[in-house]
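Chains, contacts and geometry: an overview
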Amino acid sequence: MSENGATIYYTIASNLNNVNFYIDGFIALTEDGYLSQAGIEKEDIAKYINHYINKLRFNGKRLPFCYLIGGNVFIPNLMIKKKKENISDEKLN
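Conventions used here
Residues numbered from 1 in each chain as written. Predicted model: local features only at pLDDT ≥ 70, side-chain atom pairs only at ≥ 80, totals over all residues. Heavy atoms only, no water. Helix = DSSP H or I, 4+ residues; strand = E, 2+ residues; numbered from the N terminus. Buried < 20%, exposed > 50% of the residue type's maximum accessible area, 1.4 Å probe, protein only. Contact = heavy atoms within 4.5 Å. Pairing = 2+ DSSP bridges. Axes fitted to C-alpha atoms, helices over the stretch in contact; angles between N-to-C directions. Salt bridge = Lys/Arg side-chain N within 4 Å of Asp/Glu carboxyl O. Phe/Tyr/Trp six-rings, centres within 6.5 Å; stacked < 30°, edge-to-face > 60°. Lys NZ or Arg CZ within 6 Å of the ring centre and 35° of its normal.

1. So, the overall build of the protein
Each helix and strand in the protein was counted, giving four helices and three strands. Each helix and strand of the protein, ordered N terminal to C terminal, gives the series α-β-α-α-β-β-α. Based on the C-alpha atoms only, the size of the protein along its principal axes is roughly 50 × 20 × 20 Å. Counting all 93 residues of the protein, 30% fall into the buried class. In the protein, the proportion of contacts linking residues at least 24 apart, taken out of those at least 6 apart, comes to 71%.

As structure tokens, this is what we get:
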């Protein structure tokens, strides 16, 4: 996923209802986003994504921030699962 794809995905996902969110580790960003193509530093890309992550809530919770290791930006791998009808959150977790 590119940096612009990640911010769009997180923004849309944060507005979903009747779903559960969970983090399945972290994944490295690809370098085919417009910020990477423009030569923006990886540290600045991480700050840009973390700015979006900080503003969003997923069922009242925040995502962990992305981080930089070895010149790669790693973002939370957000997974979405539709809630089953007539079952409380307690039973799904």
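2. Here we look at the side chain of T7
Looking at the secondary structure, you find T7 in helix α1 (residues 3-14). Classification of T7 as buried rests on a relative accessible area of 5%. In this structure T7 touches Y48, I49 and Y52, once residues within four positions along its chain are discounted.

3. Points about the sheet that holds strand β1 (residues 19-28)
To summarise the sheet geometry, strands pair through backbone hydrogen bonds and adopt either a parallel or an antiparallel arrangement. Pairing is antiparallel across the open sheet formed by three strands, whose spatial order is β1-β3-β2. Of all the strands in the sheet, the pair left with one neighbour each is β1 and β2 (67-69). Averaged over neighbouring strand pairs, the angle between their axes works out to 35° when direction is ignored. Relative to strand β3 (residues 72-82), β2 runs antiparallel, the two sharing three bridges. Within β3, the residue paired with Y67 across the bridge is F74.

4. Some details on the pattern of salt bridges
Scanning the model with the defined rule gives one salt bridge in all. A salt bridge links K42 to E31, with the nearest nitrogen and oxygen atoms 3.3 Å apart. Residue K42 is located in helix α3 (residues 42-55), and its partner E31 is located in the loop between β1 and α2 (34-37); the two are separated by eleven residues in the primary sequence.

5. Let's talk about the pairing of β3
Judged from the eight bridges that link them, β1 and β3 form a sheet pairing that is antiparallel. Within β3, the residue paired with F21 across the bridge is I80. Hairpin connection between β2 and β3: a loop of two residues separates the two successive antiparallel strands, and G70 in this loop has a positive phi of roughly 55°.

6. What about the environment of K47?
Secondary-structure assignment places K47 in helix α3. Sequence separation of K47 and P64 is 17 residues, and the distance between their C-alpha atoms is 13 Å.

7. Focus: the packing of aromatic side chains
All chains considered together, the criterion is met by five aromatic pairs. Here Y67 and F74 contribute two aromatic rings whose centre-to-centre distance is 5.6 Å and whose plane-to-plane angle is 15°, an arrangement assigned as stacked. Ring-pair connections join several aromatic residues into one group, and the members of that group are F26, Y67 and F74. Lying across the ring of Y52, K55 places its NZ or CZ 5.0 Å from the centre.

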